[in-house]
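# Report on the structure
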Amino acid sequence: MVLNLLVMYVSDLIVTAVTVRVFRVFCNMASSSSQSKRGNEDMNDLDTIVQARNSRKHRNQKFLLEWCKDDELRDWLLPDMTFIKLDANIVTCKWSRAEIKIASFVAEHNISFLATDHLTEMLKVCFPDSNIAKNLAMKRTKSTAIIKNVIGLSHKESLAVTLRKTKFSVLTDESTDILGQLKLHVLYFDEKSGHVESVFWDLHKIYDSSNPGNATAEHIYNGLMNSLTSFDISKNNIIGFGSDGCNVMMGENNSVATRFKINCPGIYVITCVCHSAHLCASEACKELPRSCEDMARNIYNFLKSSSKRQCNLQMFQTYLNLKPHKILHPSQTRWLSLNSVVERLLEQWDALKLYFNETFLSDRLISSEHIYLALHDPFVKLYYYFLDWALPKFTRFNQYFQTQQVVITDLHDKIIILYQDILLCFLKRDYVMQTPLDQINPKNGEQLLTDRQLYLGAQVIEHIDDPCIVAQSARRKKFFDRCRKFLQTSTIELKKRYNMADPILSKPQIIKQSNALSMSFRESVKGISLVPLMKLLPCIIPTNDVKKMQLIDDQWRRLPLSIAQLPENIEDEK
């Protein structure tokens, strides 16, 4: 009788995944019932046993996740599990673990969810002897659910734990692939990795059924803050806000930035420097003739849809020993894409002239006629020579600040160098070098250089005196005027978007790694200390916490001394 009870209880335990401890309790109950003075003949009946087990005295034990951590139970329990339970990083089902890993692979490598409809079936065929592969049941719907509700939510909760105890900055911009949504990133120092991390946090809807077409600053700000406060993240941890320079985000009145300044006192607000540089170059390009950009677009549109035309162009490229590069398209959304377009057209200029000579004479199309005339206009090519020199200044600036490294300490110096470099091309040197940068007027007529004194690049200098250009003095004069306006506009836009005497960004150079470790730099700067910088950022260190400020300043001042005492061959020592 006891043996029958044991068999029944063991089989029930395997089906319901109860623990060994409950199994032992049931065994003891069965043993005690066999020694009782009552007649036990009725217990031999299966219906009686089932009824007794379903009574209040024989309740089924619910599964507890703590059993997975018990050394006595874990090895016995896990192999027979047919469901998944998550706690921290514990996944109690091997095939569920495999499904999560497959979903992670799909998300990390940006693979279409439709591929998972066939991937799991293929794995079953490839690994017929694997029990894990046999139990995989995941297609696109489940893959999407795992990524959003398991992996994504788990990552977000883990990040929320970090943000609750860490100071961080908020970065936001409109998504380019999903209309009407804002991407929200957080920037913080990760103690585990020892680096400043920029991590995606959330997608915030701008437009919805309750707020159609009303992307106001208040709506955007409330959405951003609700996304953080819903995870119990305090607004007091926000120390910075960055976005593009549109009026809704960065306007002086009634914008998202002004609301952050009111609700997060001491927060530092900065406009995206890469986007600002792009806007400066775009505004400056408007001062040049429209025919320059039109020619680039017309050439691309003429060639893009015809493989025959592209093949004919390659014949001329091969004849001139040029690389068979394709003609690029000047995009409106790609930052400074015009620079690459200009370089490619100048590289293929001779091949394009030969090709459109033949095309214009044979086809007599209006589109090819416009291109033919532009390619044979010496002033159009002169403008391209000028752009080939001017645009890389902004492109190099953008590339430098698109790195994943921390380069905020170089921002002020890089902008000052770019600003002065352009000013010296059309203003007198004494005026630029002896006047504070925030007081320089790029339109000061008394300080402008003459046409012959303008610096417009080496290639312009080489071709500006060509007979075909000198013969057209009026157009030559207009060329100098337009190039001067290009340079003036670029500097005016830079000055509008950046404070050349910024009290905060002009100071972080002292915490730059090379400067912080250099004794010579400290000697060159009198009275150097971090206290002035810390006072400007009260959201990071309260101004009334003098002891903490003193501790940080002492550590920073001792830093070069500590480095100097390290052995030279420290990398070779264990």
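- An unreviewed UniProt entry lists the protein under the name Zinc finger protein, from Aphis craccivora.

## Thoughts on the overall build of the protein
- Helices and strands together make up the secondary structure of the protein, namely 27 helices and seven strands.
- Counting only residues that meet the buried cut, the protein has 39% of its 574 residues in that class.
- At a minimum sequence separation of 6, the contacts of the protein that also span at least 24 residues come to 60%.
- In the form shown here, the protein has an accessible surface area of approximately 34,300 Å², with 52% of it arising from carbon and sulfur atoms.

## What to know about the layout of surface pockets
- Taken as a whole, the second largest pocket encloses approximately 780 Å³ of empty space.
- Around the second largest pocket sit 33 residues that line it, and M250, V269, I270, T271 and R497 are the ones nearest its centre.
- Contributions of two or more residues to the lining of the second largest pocket are made by α11 (256–263), β7 (268–271), α12 (273–285), α19 (411–423) and α23 (473–497).
- Examining the composition of the lining of the second largest pocket, we find that five residues originate from one element, α12, more than from any other.

## Overview of a nonpolar patch on the surface
- A surface patch of nonpolar side chains, about 400 Å² in accessible area, is lined by L187, F189, V196, V406 and I408.
- Structurally, L187 is set in strand β4 (residues 181–190).
- Assessed through its relative accessible area of 31%, L187 is described here as partly exposed.

## Topic: the packing of helix α13 (residues 290–304) against helix α16 (residues 349–363)
- At a closest axis distance of 13 Å, the pairing of α13 and α16 adopts a crossing angle of 65°. Of the two possible hands of crossing, α13 and α16 adopt the one that is left-handed. Of the residues in α16, those touching α13 at M295, I299, F302 and L303 are W349, L352, Y355, F356 and T359.
- A breakdown of the residues in the contact of α13 with α16 according to their chemical character gives eight nonpolar, one polar and no charged.

## Some points on helix α6 (residues 116–126)
- Burial in α6 covers these residues: T116, D117, T120 and L123. Buried positions in α6, seen along its axis, are confined to an arc of 155° and lie on one side of it. Opposite the packed face of α6, turned more than 90 degrees from it, sit the exposed residues H118 and V125.
- Turning to α6, the residues buried within the fold contact α5 (94–108), α7 (131–134) and α8 (140–163).

## A word on the nonpolar core
- Formed by 73 residues in total, the largest nonpolar core has its most connected members in I299, Y384, F386 and F479.
- Once residues lying within four places of it in the same chain are set aside, the contact partners of Y384 are C292, M295, A296, V342, L345, L346 and W349.
- Among the nonpolar cores identified, the runner-up in size contains 30 residues, and L184, Y221, I233 and M249 belong to it.

## A look at the sheet that holds β7
- In spatial order, the strands read β5-β4-β3-β6-β7; together these five strands make up an open sheet with mixed pairing. Whereas interior strands pair on both sides, the edge strands pair on one side only; in this sheet they are β5 (195–205) and β7. Averaged over all adjacent pairs, the angle separating strand axes in this sheet is 20°, with direction ignored.
- Across the sheet, helix α9 (residues 217–229) touches β3 (168–174), β4, β5 and β6 (238–243), and the angle it forms with β5 is around 120°.

## Side note on the pattern of salt bridges
- Scanning all chains against the criterion turns up 20 salt bridges.
- The residue D410 makes a salt bridge to K512 at a minimum N-O spacing of 2.9 Å. Within this pair, whereas D410 is found in the loop between α18 (378–401) and α19, its partner K512 is found in the loop between α23 and α24 (513–516), the two being separated by 102 residues in sequence.
- For D410, a relative accessible area of 8% gives the class buried.

## Section: the state of the cysteines
- Counted by the stated rule, this structure contains zero disulfides.
- Looking at the unpaired C274, the closest cysteine sulfur is the one in C272, lying at 5.0 Å.
- Classification of C274 as buried rests on a relative accessible area of 5%.

## Here we look at the pairing of β3
- Of the strand pairs in this sheet, β3 and β4 are connected by seven bridges, and their pairing is antiparallel. The partner of T172 across the bridge, within β4, is L184.

## Comments concerning the environment of S143
- Looking at the secondary structure, you find S143 in helix α8.
- Exposure remark for S143: the relative accessible area of 1% places this residue in the buried category.
- Separated by 29 residues in the primary sequence, S143 and L114 have C-alpha atoms spaced 9.4 Å apart.
- Dropping the residues within four chain positions of it, S143 is found in contact with A103, F113, T116 and M138.

## Thoughts on the packing of aromatic side chains
- The final tally for this structure, using the stated rule, is 15 aromatic pairs.
- Summarising the aromatic geometry, the rings of F360 and Y372 are spaced 4.7 Å apart at their centres and angled 20° between planes, so their arrangement reads as stacked. On the criterion of sequence distance, the pair formed by F360 in helix α16 and Y372 in helix α17 (residues 366–375) is long-range, its members being 12 residues apart.
- For F360, a relative accessible area of 11% corresponds to the buried category.
- In textbook terms, an aromatic cluster arises when at least three aromatic residues are bridged by ring pairs, as seen for F302, F316, Y355 and F356.
- We note K156 situated over the ring of W201; from NZ or CZ to the ring centre the distance is 4.9 Å.
- For R364, the ring lying beneath its charged end belongs to F360, and the centroid distance is 4.9 Å.

## Notes on the packing of α18 against α23
- One can describe the packing of α18 onto α23 by two numbers: an axis separation of 11 Å at closest approach and a directional angle of 15°. On the basis of their axis angle, the class for α18 and α23 is roughly parallel. The handedness of the crossing between α18 and α23 is right-handed. Of the residues in α23, those touching α18 at F379, L382, Y383, F386, L387, W389, A390, L391 and F394 are R475, R476, K478, F479, R482, C483, F486, L487 and S490.

The rules behind the values
Residues numbered from 1 in each chain as written. Predicted model: local features only at pLDDT ≥ 70, side-chain atom pairs only at ≥ 80, totals over all residues. Heavy atoms only, no water. Helix = DSSP H or I, 4+ residues; strand = E, 2+ residues; numbered from the N terminus. Buried < 20%, exposed > 50% of the residue type's maximum accessible area, 1.4 Å probe, protein only. Contact = heavy atoms within 4.5 Å. Areas by Shrake-Rupley, 256 points an atom, 1.4 Å probe, with all protein chains shown as cover. 1 Å grid on protein atoms, 1.4 Å probe; cavity = no way out; pocket = protein on both sides within 12 Å on 5 of 7 lines; lining within 4 Å. Points joined across faces, edges and corners; volume = space filled by probe spheres on them. Patch = residues over 30% accessible without salt bridge, like charges linked within 9 Å, V, L, I, M, F, W, Y side chains within 5 Å. Salt bridge = Lys/Arg side-chain N within 4 Å of Asp/Glu carboxyl O. Axes fitted to C-alpha atoms, helices over the stretch in contact; angles between N-to-C directions. Left-handed = near helix turned anticlockwise from the far one by under 90°. Nonpolar A, V, L, I, M, F, W, Y, C, P; charged D, E, K, R; others polar. Arc of directions from axis to C-beta. Core = buried A, V, L, I, M, F, W, Y, C linked by side-chain atoms within 4.5 Å. Pairing = 2+ DSSP bridges. Disulfide = S-S within 2.5 Å. Phe/Tyr/Trp six-rings, centres within 6.5 Å; stacked < 30°, edge-to-face > 60°. Lys NZ or Arg CZ within 6 Å of the ring centre and 35° of its normal. Parallel < 35°, antiparallel > 145°, perpendicular 65-115°, else oblique.

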